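What follows is the residue order along each chain.
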Amino acid sequence: SVDTVITLLAALLTEQKILFHSQHYVLLITVLQSLVDLLLPFQWPHTYIPTVPSNLLEFVDAPTPYVMGVH
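Residue numbers here run from 1 along each chain, matching the order of that chain's written sequence. Reporting of local features is limited, given that this is a predicted model, to residues whose pLDDT is at least 70; pairs of side-chain atoms are given and counted only at 80 or more, and all residues count toward the totals for whole chains, interfaces and linings. Just so you know, side-chain values use all the structure's heavy atoms and leave hydrogens and water out.

For a nonpolar patch on the surface, give the residues involved together with the corresponding values.
Together, Tyr 25, Val 26 and Ile 29 line one region of the surface with nonpolar side chains, adding up to about 310 Å² of accessible area. By definition, any uninterrupted DSSP run of H or I lasting at least four residues is a helix, any uninterrupted run of E lasting at least two residues is a strand, and each is numbered from the N terminus. You can see Ile 29 is positioned in helix α2 (residues 25-37). Excluding any residue in a salt bridge, patches collect residues exceeding 30% relative accessible area, merging like charges within 9 Å and nonpolar Val, Leu, Ile, Met, Phe, Trp and Tyr side chains within 5 Å. Values of accessible area rely on a 1.4 Å probe in the Shrake-Rupley scheme; residue burial ignores everything except the protein chains shown. Whenever Lys or Arg places a side-chain nitrogen within 4 Å of a carboxyl oxygen from Asp or Glu, that contact is recorded as a salt bridge.

Now the structure itself:
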């Protein structure tokens, strides 16, 4: 919904941690890239990992802002 997109955009602009979960790789990557593209003309300077491999899930505990997707 529009409210959800505005909430996510506000979280990006205030440099929050955002973790997405989806069973569909294509949808996960598309949504994350679209969200980061909404920041234009700004850029996301922090960690951006569209799909975190299962053997690297400990990165979700990172102390810095991030946008990550988990399958």
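Structure shown, so let's carry the discussion forward.
Got a sec to walk through the nonpolar core? Specific residues and values, please.
Only buried residues count toward a nonpolar core. Its members are Ala, Val, Leu, Ile, Met, Phe, Trp, Tyr and Cys residues joined through side-chain atoms within 4.5 Å. Using a 1.4 Å probe on the protein chains alone, a residue whose accessible area is under 20% of its type maximum counts as buried, one over 50% counts as exposed, and one in between counts as partly exposed. Counting 11 residues, the largest nonpolar core consists of Ala 11, Leu 12, Ile 18, Phe 20, Leu 28, Leu 32, Leu 35, Val 36, Leu 39, Trp 44 and Val 67. Only α1 (2-13), β1 (18-21) and α2 provide two or more residues apiece to this core. By residue number, the principal contributor to this core is α2, which donates 4 residues. We call two residues in contact whenever any of their non-hydrogen atoms come within 4.5 Å of each other. Once residues lying within four places of it in the same chain are set aside, the contact partners of Leu 39 are Leu 9, Leu 12, Leu 13 and Trp 44. Core analysis: the next-biggest nonpolar cluster, separate from the first, contains 5 residues, Val 52, Val 60, Ala 62 and Tyr 66 among them.

Account for the pairing of strand β3 (residues 66-70), naming residues and giving values.
By the criterion of burial, β3 is predominantly enclosed, with 5 of the 5 residues buried. The alternating pattern of β3 places Tyr 66, Met 68 and Val 70 on one face and Val 67 and Gly 69 on the opposite face, and all of these are buried. Whether two strands pair depends on DSSP finding at least two bridges between them. Where β1 meets β3, 4 bridges bridge the pair, whose relative direction is parallel. The residue bridging Phe 20 from the neighbouring strand is Gly 69, located in β3. Of the strand pairs in this sheet, strand β2 (residues 47-52) and β3 are connected by 4 bridges, and their pairing is parallel. Directly across from Val 52, in β3, lies its bridge partner Val 70.

Quick rundown of the sheet that holds β3? Include the residues and the values.
Reading across from one edge, β1-β3-β2 is the order of the 3 strands in this open sheet, with parallel pairing throughout. Across the chains shown, the open sheet's two edge strands, defined by having one partner strand only, are β1 and β2. The average undirected angle you get between the axes of adjacent strands in this sheet is 10°. Here α2 sits on the sheet and contacts β1, β2 and β3; the angle it forms with β2, its principal contact strand, is near 165°. Lines are fitted to the C-alpha atoms to define the axes, a helix being fitted only along its stretch in contact, and any angle between axes, read from their N-to-C directions, falls within 0 to 180 degrees.

Lay out the side chain of Ser 22 in plain terms, naming residues and giving numbers.
Mapped onto the elements, Ser 22 comes out in the loop between β1 and α2. When residues no more than four places from it in sequence are discounted, the contact partners of Ser 22 are Leu 27, Leu 28, Val 70 and His 71.

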